[in-house]
Amino acid sequence: MQQESKPDAWIWLGDIVYADKEIMNVISVPPSMPELEAMYNQLKGSQSYQNLMNVTAITGIWDDHDYGKNDGDRTYQDREPSKRILLKFLDEENDSPRWERDGIYQSYILGSPGKRVKIILLDVRYNREETYGGDLLGETQWQWLASELESSDADVHIIGSSVQVRTFQLEFNLKFEAAWSWEN
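Residues numbered from 1 in each chain as written. Predicted model: local features only at pLDDT ≥ 70, side-chain atom pairs only at ≥ 80, totals over all residues. Heavy atoms only, no water.

Caption draft 1: Representation of the overall build of the chain. Looking only at helices and strands, the chain features 6 helices and 7 strands. Listing every helix and strand of the chain by position from the N terminus yields β-β-β-α-α-β-α-α-β-β-α-β-α. In the chain, which comprises 184 residues, the proportion classed as buried is 42%. Taken as a whole, the chain presents about 10,600 Å² of accessible surface, with 52% of it coming from carbon and sulfur. (Helix = DSSP H or I, 4+ residues; strand = E, 2+ residues; numbered from the N terminus. Buried < 20%, exposed > 50% of the residue type's maximum accessible area, 1.4 Å probe, protein only. Areas by Shrake-Rupley, 256 points an atom, 1.4 Å probe, with all protein chains shown as cover.)

Caption draft 2: The arrangement of the packing of helix α1 (residues 33-45) against helix α4 (residues 79-89) in detail. Put simply, α1 and α4 touch, their axes get as near as 10 Å, and they point 15° apart. Considered as vectors, α1 and α4 are oriented roughly parallel to each other. Relative to α4, the crossing made by α1 is right-handed. Residues Met 33, Leu 36, Glu 37, Tyr 40, Leu 43 and Lys 44 of α1 form the contact with α4, whose participating residues are Pro 81, Ser 82, Ile 85, Leu 86, Lys 88 and Phe 89. Of the residues in the contact of α1 with α4, the class split is 8 nonpolar, 1 polar and 3 charged. (Axes fitted to C-alpha atoms, helices over the stretch in contact; angles between N-to-C directions. Parallel < 35°, antiparallel > 145°, perpendicular 65-115°, else oblique. Left-handed = near helix turned anticlockwise from the far one by under 90°. Contact = heavy atoms within 4.5 Å. Nonpolar A, V, L, I, M, F, W, Y, C, P; charged D, E, K, R; others polar.)

Caption draft 3: Here's a closer look at helix α5 (residues 139-150). The terminal C-alpha atoms of α5, which comprises 12 residues, lie 17 Å apart, in line with the 16 Å expected from a rise of 1.5 Å per residue. Taken together, the buried positions of α5 are Gln 141, Trp 144, Leu 145 and Glu 148. One side of α5 holds all its buried residues, which, seen down the axis, span an arc of 100°. For α5, the exposed residues lying more than 90 degrees away from the buried face are Glu 139 and Glu 150. The inward-facing, buried residues of α5 abut β5 (106-110), β6 (117-121) and β7 (156-160). (Expected span 1.5 Å × (residues − 1). Arc of directions from axis to C-beta.)

Caption draft 4: Representation of the pairing of strand β4 (residues 57-61). Most of β4 is tucked away, with 4 of its 5 residues classed as buried. Pairing analysis gives 5 bridges linking strand β1 (residues 9-13) to β4, with the strands arranged parallel. Looking at the pairing, Ile 11 lines up with Thr 59 of β4. (Pairing = 2+ DSSP bridges.)

So this is what it looks like as structure tokens:
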């Protein structure tokens, strides 16, 4: 990033690091928590990431590979330690509700009155049902999302998710990816 660039924010939408490992291109193995933390620390310690941290606020959400398990869902046994490692990487404030929530969803307001943008980040891993085409958010997050939209005075709303909103079914596209898209 060039030093004269100063974005308002940098928002990760998942797969910040690819922590899970594939064995023989068949089996995905979750990382140990020390391995996951080391990957984040390596990225955070890089000069380019330090440059980014010096010019803008950084936040984000995870997807499966930084959650710790390929196609991970609510059954992932290390979701809490993984959450703590990610929030530490993001330098999440100690009083942030993300530390206590079942998931890492959050909203942010940028801009001044008349030019307000509300950024809503959804967590589609922590409470995701393990059945294909099942619920992505869980009841609590759905209620939170409704409240965030209904009570907002922002001029623009941006909803960030680590899954695509619209999946175009191509011959080579896997059907399970379509099952968990927002169009369902």
